[in-house]
Amino acid sequence: MQNPALQETVWQLCEAAALSDGHLADGEVELLDRMAFAWRHPSMAMASAA
(Lines give C-alpha, C1' and ligand atoms only; values in the text may rest on other atoms or scores of the structure.)
Protein backbone atom coordinates (compact mmCIF):
# COMPACT_ATOMS: atom_id res chain seq x y z
CA MET A 1 0.00 0.00 0.00
CA GLN A 2 1.58 3.26 -1.10
CA ASN A 3 -1.11 5.74 -0.12
CA PRO A 4 0.01 7.56 3.07
CA ALA A 5 -3.48 8.88 3.83
CA LEU A 6 -4.95 5.38 3.57
CA GLN A 7 -2.10 3.97 5.65
CA GLU A 8 -2.86 6.51 8.37
CA THR A 9 -6.56 5.64 8.28
CA VAL A 10 -5.90 1.90 8.48
CA TRP A 11 -3.43 2.42 11.32
CA GLN A 12 -5.90 4.60 13.25
CA LEU A 13 -8.65 1.99 12.84
CA CYS A 14 -6.30 -0.76 14.06
CA GLU A 15 -5.26 1.40 17.00
CA ALA A 16 -8.91 2.05 17.88
CA ALA A 17 -9.67 -1.67 17.77
CA ALA A 18 -6.64 -2.45 19.93
CA LEU A 19 -7.65 0.19 22.49
CA SER A 20 -11.33 -0.76 22.53
CA ASP A 21 -10.99 -3.04 25.54
CA GLY A 22 -9.02 -0.46 27.53
CA HIS A 23 -5.82 -2.49 27.42
CA LEU A 24 -2.97 -2.67 24.91
CA ALA A 25 -1.58 -6.19 24.80
CA ASP A 26 2.06 -6.67 23.81
CA GLY A 27 0.99 -8.27 20.54
CA GLU A 28 -1.21 -5.30 19.69
CA VAL A 29 1.63 -2.87 20.29
CA GLU A 30 3.95 -5.04 18.21
CA LEU A 31 1.47 -5.16 15.32
CA LEU A 32 1.02 -1.38 15.32
CA ASP A 33 4.78 -0.85 15.51
CA ARG A 34 5.40 -3.26 12.62
CA MET A 35 2.84 -1.44 10.51
CA ALA A 36 4.49 1.89 11.28
CA PHE A 37 7.93 0.49 10.46
CA ALA A 38 6.78 -1.18 7.25
CA TRP A 39 5.13 2.04 6.13
CA ARG A 40 8.07 4.10 7.40
CA HIS A 41 5.97 6.26 9.72
CA PRO A 42 7.94 6.46 12.99
CA SER A 43 5.37 8.88 14.38
CA MET A 44 2.84 6.03 14.36
CA ALA A 45 5.04 3.71 16.43
CA MET A 46 3.76 2.87 19.89
CA ALA A 47 6.92 1.36 21.37
CA SER A 48 7.01 4.14 23.96
CA ALA A 49 3.48 3.20 25.07
CA ALA A 50 4.49 -0.34 26.02
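Up top you'll find the structure we're talking about.
Small disclaimer: the values here were computed from a predicted structure and weren't measured.

Considerations on the environment of Asp21
At step 1: With respect to the helices and strands, Asp21 occurs in the loop between α1 (4–19) and α2 (26–38).
At step 2: Among the polar contacts listed, one links the side chain of Asp21 to the backbone nitrogen of His23, at a separation of 3.0 Å.

Some words on the packing of α1 against α2
At step 1: Orientation of α1 relative to α2, taken along the N-to-C sense of each, is 175 degrees, at an axis distance of 10 Å. Classified by the interaxial angle, the pair formed by α1 and α2 is roughly antiparallel. Between α1 and α2, the residues in contact are Val10, Trp11, Cys14, Glu15 and Ala18 and Glu28, Leu32 and Met35, respectively.
At step 2: Class assignment of the residues belonging to the contact of α1 with α2 gives a composition of six nonpolar, no polar and two charged.

Some words on α2
At step 1: The end-to-end C-alpha distance of α2, which contains 13 residues, comes to 18 Å, matching closely the 18 Å that a straight helix rising 1.5 Å per residue would cover.
At step 2: When α2 is considered as a whole, its buried residues turn out to be Val29, Leu32, Asp33, Met35 and Ala36. Axial view of α2: buried residues confined to an arc of 160 degrees, hence all on one face. Exposed residues lying more than 90 degrees from the buried face of α2 are Asp26, Arg34, Phe37 and Ala38.
At step 3: Considering only its buried residues, α2 is in contact with α1.

Points about α1
At step 1: In a regular helix each residue adds 1.5 Å, so 16 residues correspond to 22 Å; α1 covers 22 Å between its end C-alpha atoms and thus fits that length.
At step 2: By the burial criterion, the buried members of α1 are Gln7, Trp11 and Ala18. Around the axis of α1, the buried residues are gathered within 30 degrees of arc, so they sit on the same side. Turned more than 90 degrees away from the buried face of α1, the exposed residues are Ala5, Leu13 and Ala17.
At step 3: Buried residues along α1 sit against α2.
At step 4: Of the residues flanking the start of α1, the one acting as N-cap is Asn3, its side-chain oxygen 3.0 Å from the backbone nitrogen of Ala5.

Cut-offs used in this document
- Residues numbered from 1 in each chain as written.
- Predicted model: local features only at pLDDT ≥ 70, side-chain atom pairs only at ≥ 80, totals over all residues.
- Heavy atoms only, no water.
- Helix = DSSP H or I, 4+ residues; strand = E, 2+ residues; numbered from the N terminus.
- Polar contact = N/O pair within 3.5 Å; in protein donor to acceptor, adjacent residues only side chain to side chain.
- Axes fitted to C-alpha atoms, helices over the stretch in contact; angles between N-to-C directions.
- Parallel < 35°, antiparallel > 145°, perpendicular 65-115°, else oblique.
- Contact = heavy atoms within 4.5 Å.
- Nonpolar A, V, L, I, M, F, W, Y, C, P; charged D, E, K, R; others polar.
- Expected span 1.5 Å × (residues − 1).
- Buried < 20%, exposed > 50% of the residue type's maximum accessible area, 1.4 Å probe, protein only.
- Arc of directions from axis to C-beta.

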